[in-house]
Amino acid sequence: MSGAAVSFRGVSKRYGPVDALADFDLEVKPGEFMTFLGPSGSGKTTALNVLAGFTHATAGEVMIDGRSVGGLPPEQRNVGMVFQSYSLFPHMNVFENVAFPLRLRGVAKAEVARRVGESLDMVRLADLGGRMPKELSGGQRQRVAFARAVVFEPPVLLMDEPLGALDLKLRQAMQLEIKRYHAQLGCTIVFVTHDQGEALALSDRIAVMGEGRIAQVDTPDRIYDYPKSRYVAEFIGKTNILTLEPGNAGAVRIVELGCDVPAQGALAEARMISVRPEKIERAAGRREGLIDFTARIDEVLFLGDLVHYSAVLPGGGALLFQEHRGPGATVLARGDTIELGFLLSDALPVSGREAAATAVGA
Amino acid sequence: MDMQRTGFSRFALSAYFWGVIAFLAFPIFVIIPISFSNSQFLRFPPQDLGIRWYETYFNDAVWVSATILSFKVALLASLVATIVGTMAVISLDRGAARTRQMLTYLITAPIIIPHIFIALGVFILAIRFGFADSEIALAGAHATIAMPFVVLIVGAAMRQMDPTIERAARVLGAGPVRAFFSATFPSLLPAIVAAGVFAFFVSFDELIIAQFMLSGKETLPMRIWADLKLEVSPTVAAVSSLLIVVTTIAMVGAELLRRRAAGVRGD
Ligand SMILES: Nc1ncnc2c1ncn2[C@@H]1O[C@H](COP(=O)(O)OP(=O)(O)O)[C@@H](O)[C@H]1O
Ligand SMILES: [Mg+2]
């Protein structure tokens with residue numbers, strides 16, 4: 001099985017006054033693992049439903065493998081889908097659930113048995129074919145749902161928060177499983193989640209969504225390292241947003257730190273910068289090019305090998321930073337005053353709304 | 001002090017509860033013993049125990065034919081009410097959310113309309129269009145009063161359904177009809193059967209409309225009513241006891257079925 005390309009071309013969906021999707025443009029490459037990431041209500045499910053054929057777009061076009069599918073009902077789109085609630089047929093046993101799409105396609109009996117067997121093998125449930133869905137655990141049900149969605153080898157597989165109902169540990173185990181399935185099957189996967197960690201771990205590319213629009217599409221590392229907007233920077237990981245204003249000649253002023261930096265390149269036009277907590281370090285070493293400032297430790301979150309701090313800046317704002325405990329490193333205590341700093345090259349200009357709060361993303 | 005008040009109100013509440021139960025069940029405790037007497041008259045407590053009046057009932061052609069007629073009417077009425085009611089539930093479920101509430105009220109309205117008005121209306125129509133004294137017309141009228149119960153019972157089951165199950169069937173390759181019958185219908189079936197049993201007894205018990213519509217034939221409630229007016233024979237007690245037992249068994253069976261299905265659905 002190999003994947004098919006999926007395209008959204010200017011797709012919009014209105015529900016009364018609500019724009020569930022607005023001018024949604026996206027090209028998913030064959031075999032790609034594409035994740036829609038966004039908070040609840042950002043239009044992820046709507047985008048998936050338009051692709052699956054459950055919802056008709058108000059405007060725009062959806063294409064699978066280069067062909068417009070707008071006029072096709074769901075049963076003719078030949079896509080697999082896994083739902084958050086598993087959606088197994090409660091009155092059919094595991095085998096019959098997985099065999100369902102094959103029977104609809106008129107596959108011969110022996111072939112049905114073989115392919116169901118293969119699919120159940122892949123999700124490691126080969127022995128449970130005779131069980132009813134209610135006799136399975138949540139993780140097992142999700143595996144059955146997965147086997148059922150791929151048994152007919154669809155070129156595109158859709159997953160709407162498939163791990164949302166599982167507990168943390170199981171979720172992490174299932175993430176690895178899904179990665180393995182994807183490598184094994186080679187189909188295109190469009191995956192929906194509101195969990196940024198899940199998106200970063202699984203995806204080839206991530207489309208970060210907000211209010212029915214795509215905020216940014218990029219690979220996980222680029223989304224994390226080069227968020228284009230404040231919205232993306234805050235949604236993916238934690239970050240500090242610092243405000244810029246024109247400073248003395250040839251410089252811009254970082255308002256919260258009260259210091260001037262050279263207005264080079266993008267910094268000259270930017271109004272905000274994003275600095276990740278892990279890019280901030282103690283400034284005792286006086287590294288070349290370090291922008292340093294004094295802060296007072298306000299909160300300490302001790303995680304063993306890693307320590308998260310929240311510090312208060314002289315201007316009153318808060319700043320998040322974190323340290324890996326290298327050799328000889330001490331742990332700071334609440335109330336300590338400390339010199340901190342970051343490299344200007346780690347400060348990323350971002351666009352978006354400005355706000356009074358400095359430290360965000362907690 | 002507080003404890004005492006709680007204790008007292010709890011006692012009062014449970015006394016009230018059992019009082020109401022006793023009041024509701026009282027006729028049963030009178031009727032059933034009376035039906036097992038061999039005496040000529042309804043008398044409590046019964047003397048001379050026996051099953052004479054049950055024999056009378058089963059051997060009397062008038063009683064038997066009334067029972068058969070009621071059975072036929074109830075069967076047809078419950079079939080119509082169940083099919084139409086279930087289809088109404090499906091269309092309400094698929095229809096626009098805005099009008100759903102309004103339409104549900106409209107469809108279940110016959111519950112609050114007194115049967116005497118329905119009887120009068122159907123009677124006038126029956127005379128006007130020449131289907132008076134037709135048991136099929138009676139079954140139609142019974143279907144009307146039974147359908148709201150079907151809509152309520154099946155509608156409750158429908159609301160518990162996970163709508164993505166049918167979507168799963170669609171995306172796996174089933175057309176709309178096939179998806180409904182393979183994904184949604186099996187989960188609704190217990191509720192549909194329970195609703196059918198309920199509808200059956202709504203019709204089987206109904207007296208007023210039948211009284212208006214039929215002149216040459218008699219349903220079981222009509223026969224009981226006529227019997228009570230004329231001679232007050234203990235046969236009525238025997239028939240009533242049988243009805244109580246059969247109804248109870250059927251209703252409990254239907255309710256168990258519905259509950260077990262609800263248990264299957266919930267995960
Ligand atoms: N059937 C619907 N009727 C009205 N509004 C809807 C419907 N489905 C979704 N919406 C609205 O569209 C927006 C996007 O919803 P959705 O796609 O479900 O978001 P997500 O999956 O990202 O949580 C939300 O504001 C939601 O309230
Ligand atoms: Mg959603």
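Residues numbered from 1 in each chain as written. Chains lettered and ligands numbered in written order. Predicted model: local features only at pLDDT ≥ 70, side-chain atom pairs only at ≥ 80, totals over all residues. Heavy atoms only, no water.

## Side note on the overall build of chain A
Then comes step 1: Within chain A, the secondary structure is distributed over eight helices and 21 strands.
Then comes step 2: Considering chain A as a whole, with its 362 residues, one finds that 51% of them fall into the buried category.
Then comes step 3: Long-range contacts, defined here as pairs at least 24 residues apart, represent 66% of the contacts in chain A between residues at least 6 apart.
Then comes step 4: Surface exposure of chain A reaches about 16,000 Å², of which carbon and sulfur atoms provide 51%. (Helix = DSSP H or I, 4+ residues; strand = E, 2+ residues; numbered from the N terminus. Buried < 20%, exposed > 50% of the residue type's maximum accessible area, 1.4 Å probe, protein only. Contact = heavy atoms within 4.5 Å. Areas by Shrake-Rupley, 256 points an atom, 1.4 Å probe, with all protein chains shown as cover.)

## Some remarks on the site of ligand 1
Residues and elements named next belong to chain A.
Then comes step 1: What surrounds ligand 1 is the set Y15, V18, A20, P39, S40, G41, S42, G43, K44, T45 and T46.
Then comes step 2: At 2.6 Å from an oxygen atom of ligand 1 is found a main-chain nitrogen or oxygen belonging to G41.
Then comes step 3: T45 places a polar side-chain atom, nitrogen or oxygen, 2.7 Å from an oxygen atom of ligand 1.
Then comes step 4: Considered on its own, ligand 1 offers 560 Å² of accessible surface; in the complex 59% of this is hidden by protein.
Then comes step 5: If you list the elements that add at least two residues to the shell around ligand 1, you get β2 (18–28) and α1 (44–52).
Then comes step 6: Counting residues per element, the shell around ligand 1 draws most heavily on α1, which supplies three residues.
Then comes step 7: By residue class, the composition of the shell around ligand 1 is four nonpolar, six polar and one charged. (Near = heavy atom within 4 Å. Polar contact = N/O pair within 3.5 Å; in protein donor to acceptor, adjacent residues only side chain to side chain. Nonpolar A, V, L, I, M, F, W, Y, C, P; charged D, E, K, R; others polar.)

## Points about the UniProt feature "transmembrane region" (unreviewed entry) in chain B
All names here are of chain B.
Then comes step 1: Per the UniProt record, the feature "transmembrane region" (unreviewed entry) sits at residues 12–36, 62–90, 102–130, 136–158, 179–204 and 235–257.
Then comes step 2: Secondary structure content for residues 62–90 is 100% helix and 0% strand, while the C-alpha to C-alpha distance between its ends is 42 Å.
Then comes step 3: Structurally, residues 102–130 is divided into 76% helix and 0% strand, and its ends, taken at the C-alpha atoms, are 34 Å apart. (UniProt positions renumbered as here; feature names shortened; annotations may be inferred.)

## Remarks on the packing of helix α4 (residues 138–150) of chain A against helix α5 (residues 168–185) of chain A
Residue and element names in this part refer to chain A.
Then comes step 1: Where α4 meets α5, the axes come as close as 11 Å, and the angle between the chain directions of the two elements is 15 degrees. When the axes of α4 and α5 are compared, the pair comes out roughly parallel. Considering how the two elements wind past one another, α4 and α5 form a crossing that is right-handed. Contacts between α4 and α5 involve G139, Q142, R143, F146 and V150 on the former and, on the latter, L170, M174, E177, Y181 and L185.
Then comes step 2: Among the residues forming the contact of α4 with α5, the class breakdown is six nonpolar, two polar and two charged. (Axes fitted to C-alpha atoms, helices over the stretch in contact; angles between N-to-C directions. Parallel < 35°, antiparallel > 145°, perpendicular 65-115°, else oblique. Left-handed = near helix turned anticlockwise from the far one by under 90°.)

## Some points on α4 of chain A
Then comes step 1: Look at α4 of chain A: 19 Å from first C-alpha to last across 13 residues, which is about the 18 Å you get at 1.5 Å a residue.
Then comes step 2: Summarising burial for α4 of chain A: 11 of the 13 residues are buried, a large majority.
Then comes step 3: Taken as a whole, α4 of chain A has its buried residues at G139, R141, Q142, R143, V144, A145, F146, A147, R148, A149 and V150 of chain A.
Then comes step 4: Of the surrounding elements, those touching the buried residues of α4 of chain A are β6 (79–82), α2 (94–104), α3 (109–122), β7 (156–160) and α5 of chain A together with α7 (163–171) of chain B. (Expected span 1.5 Å × (residues − 1).)

## Things to note about the interface of chain B and chain A
Then comes step 1: With 20 residues of chain B at the interface, the matching set in chain A holds 25 residues.
Then comes step 2: Of the roughly 1,900 Å² buried between chain B and chain A, counting both surfaces, carbon and sulfur atoms make up 64%.
Then comes step 3: The three residues of chain B that bury the most area against chain A are R167, V171 and L172 of chain B, which together make up 37% of that side's buried surface.
Then comes step 4: Taken together, chain B and chain A are joined by one salt bridge.
Then comes step 5: For R170 of chain B, the salt bridge identified is with E75 of chain A, shortest N-O distance 2.8 Å.
Then comes step 6: At the boundary of chain B with chain A, the tally comes to six residue pairs in polar contact (both at pLDDT 80 or more).
Then comes step 7: Among the secondary structure elements, those contributing two or more residues to the side of chain B that touches chain A are α7 and α8 (176–205) of chain B.
Then comes step 8: By residue number, the principal contributor to the side of chain B that touches chain A is α7 of chain B, which donates seven residues.
Then comes step 9: Of the residues in the side of chain B that touches chain A, the class split is 10 nonpolar, five polar and five charged. (Buried area = accessible area lost by both parts, 1.4 Å probe. Salt bridge = Lys/Arg side-chain N within 4 Å of Asp/Glu carboxyl O.)

## Quick look at the sheet that holds strand β5 (residues 67–68) of chain A
Backbone-to-backbone hydrogen bonds join strands into a sheet, with any given pair of strands oriented parallel or antiparallel.
Residue and element names in this part refer to chain A.
Then comes step 1: Strand order in the open sheet formed by four strands is β2-β1-β4-β5, and the pairing between neighbours is antiparallel. Of all strands in the sheet, those bounded by a partner on one side alone are β2 and β5.
Then comes step 2: Pairing of strand β1 (residues 6–15) with strand β4 (residues 59–64) involves five bridges; the strand directions are antiparallel. Among the inter-strand pairings, R9 is bridged to a residue of β4, identified as E61.
Then comes step 3: In this fold α1 packs onto β1, β2 and β4, with an angle of close to 115 degrees to the strand it touches most, β1. (Pairing = 2+ DSSP bridges.)

## Re the UniProt feature "domain: ABC transporter" (unreviewed entry) in chain A
Then comes step 1: The UniProt record marks residues 6–236 of chain A with the feature "domain: ABC transporter" (unreviewed entry), using the residue numbering of this structure.
Then comes step 2: Each end of residues 6–236 of chain A is marked by a C-alpha atom, and these two atoms are 25 Å apart; helix forms 36% of the span and strand 26%.

## Digging into helix α2 (residues 52–59) of chain B
Then comes step 1: Taken together, the buried positions of α2 of chain B are W53, Y54 and Y57 of chain B. Angularly, the buried residues of α2 of chain B cover 105 degrees about the axis, an arc narrow enough to put them on a single face. (Arc of directions from axis to C-beta.)

## As for the sheet that holds β6 of chain A
Residue and element names in this part refer to chain A.
Then comes step 1: Here we have six strands laid out as an open sheet, ordered β6-β7-β8-β3-β9-β10, and mixed in their pairing. Each of the sheet's edge strands pairs with one partner strand only, and the pair in question is β6 and β10 (213–218). Between one strand axis and the next, the sheet turns by 15 degrees as a mean value, whatever way the strands run.
Then comes step 2: Bridge analysis of β7 against strand β8 (residues 188–193) gives five bridges, and the strand direction is parallel. Residue pairing for β8: V156 is matched across the bridge by T188.

## Let's talk about the domain arrangement of chain A
All names here are of chain A.
Then comes step 1: Assigned domains of chain A: these are domain 1 (6–231) and domain 2 (238–349).
Then comes step 2: A separation of 40 Å is found between the C-alpha centroids of domain 1 and domain 2.
Then comes step 3: Contact with domain 1, which involves six residues of that partner, is made by six residues of domain 2.
Then comes step 4: Both faces combined, the contact of domain 1 with domain 2 buries some 570 Å², and carbon together with sulfur accounts for 54% of it.
Then comes step 5: Interface area lost by domain 1 to domain 2 is led by Y224, P227 and R230, which between them contribute 80%.
Then comes step 6: Connecting domain 1 to domain 2 are two residue pairs in polar contact (both at pLDDT 80 or more).
Then comes step 7: Considering every element that reaches the side of domain 1 that touches domain 2, the biggest residue donor is helix α7 (residues 220–225), with three residues.
Then comes step 8: Taken together, the residues of the side of domain 1 that touches domain 2 break down into four nonpolar, no polar and two charged. (Domains from an automatic or database assignment.)

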